[in-house]
Amino acid sequence: MSSKGFTAGLAAAMLATSVPPGLAGQPVACFERTRTPPVYGSVTENVLLHPGSRRVEIVPPIKGTRNVVYGVPEGYSNRLAPAEYADVGEPYLVRPEHWETRTIPAETRTVWRKVKVAEPGYAWEWRVIDGRRVLCKVKRKAVYRQVAETVVVAPPRSVRVKVAAEWGSRRRTVLVAPERIERVWHPAEYAYDIEEVTLQPEIDTVIDQPPSSVRVHREVLVSPGRTGWRPVPVPSRCR
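Our subject in this report is the structure included herewith.

The rules we used
Residues numbered from 1 in each chain as written. Predicted model: local features only at pLDDT ≥ 70, side-chain atom pairs only at ≥ 80, totals over all residues. Heavy atoms only, no water. Pairing = 2+ DSSP bridges. Helix = DSSP H or I, 4+ residues; strand = E, 2+ residues; numbered from the N terminus. Patch = residues over 30% accessible without salt bridge, like charges linked within 9 Å, V, L, I, M, F, W, Y side chains within 5 Å. Areas by Shrake-Rupley, 256 points an atom, 1.4 Å probe, with all protein chains shown as cover. Salt bridge = Lys/Arg side-chain N within 4 Å of Asp/Glu carboxyl O. Buried < 20%, exposed > 50% of the residue type's maximum accessible area, 1.4 Å probe, protein only.

1. Describing the pairing of strand S9 (residues 121–129)
Part 1 of the reasoning: Sheet topology places S9 next to strand S10 (residues 132–140); nine bridges connect them, and they run antiparallel. Opposite Ile-129, over in S10, you have Arg-132 as the bridge partner.

2. Section: a nonpolar patch on the surface
Part 1 of the reasoning: A cluster of nonpolar side chains, contributed by Val-47, Leu-49 and Val-214, occupies part of the molecular surface with about 230 Å² of accessible area.
Part 2 of the reasoning: Here Leu-49 is to be found in strand S2 (residues 39–50).
Part 3 of the reasoning: By relative accessible area, Leu-49 is classed as exposed at 59%.

3. Section: the pattern of salt bridges
Part 1 of the reasoning: On inspection of all chains with the given rule, the structure shows 14 salt bridges.
Part 2 of the reasoning: For Glu-45, the salt bridge identified is with Arg-218, shortest N-O distance 2.7 Å. Remark: Arg-218 occurs in strand S17 (residues 212–223) and Glu-45 occurs in strand S2; sequence separation between them is 173 residues.
Part 3 of the reasoning: With its nearest N and O atoms 2.3 Å apart, the salt bridge here joins Glu-149 to Arg-113. Placement of Glu-149 in strand S11 (residues 143–154) and of Arg-113 in strand S8 (residues 107–118) is noted, with a sequence separation of 36 residues between them.

4. Structural notes on the environment of Pro-233
Part 1 of the reasoning: In this structure, Pro-233 sits in the loop between strand S18 (226–232) and helix H2 (234–237).
Part 2 of the reasoning: In the structure, Pro-233 is positioned 202 residues away from Phe-31 in sequence and 8.5 Å away in space, judged by C-alpha atoms.

Written as C-alpha cells, this is what we have:
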C-alpha cells in the first residue's frame, strides 16, 4: 500500500473510532504525524548571451592626385571675325516752327472793405443780478466786419507767339566692318591641371562574431516535501 493510501486510511479509521476520553479503552496502536521537507539540488546550464552576428566593414578607397600638362603648339589659325556695328545718333524734326495763339489770364488783386453784419437795435437776454436770474432788455450797436474782395485789374487777352521748331535725336545702328576671316598667329600655350587617381580601391571585409554564452547555477526541486504517519510505542505515547 502506498504512503498516501495508508495515510488516508489511517485518518478515516481514527475519525470513525474516535470516542470521548472517558469511554476509551486500552489502545492497541498509536501513530504520530510526520513531515518530510522538500529536497533541492543545484544544476549548471549554459545561458545564451549573444546569438552571434555578421557585419561588413568597408574601408574607403585611398585617393591621390597627379599633375597633368596640356599643350598647344605655336602656329597660325583662322578666326571668323564677326561683323562690327555701331550706334549713331541722328536728328529728326519733331515739330516745325509755327505761330500759336495763347491766352493771358486776367490780372486781379484783393481789396478789403468794411461791411455791416448786424443792424443796431434791442434784444432780450437772461442775466444774473443779486443771485437771481432775470430777463433784461439790452441795446445793441451795429456790427461791422472787414471782408476781402477780388477785383479785376486787367481783363484776359489773347496774344500770338512764335514757337521755334522742335528737334529730337534717335539712335540708328550702322555697319562699321563686315564679317570676315582673319589669320591669327598664336604662340605655344601650356596648361597644368591636377587629376585625381585611385591608389587603393575600396575593400569590403566580412567579420563574423560567434555566439557567446555563460554557465549559470540554479536551484531545482529534487523531491517535494510530504506528510505521513509513523507508529510510536504504546506505553510511551498512548497511555
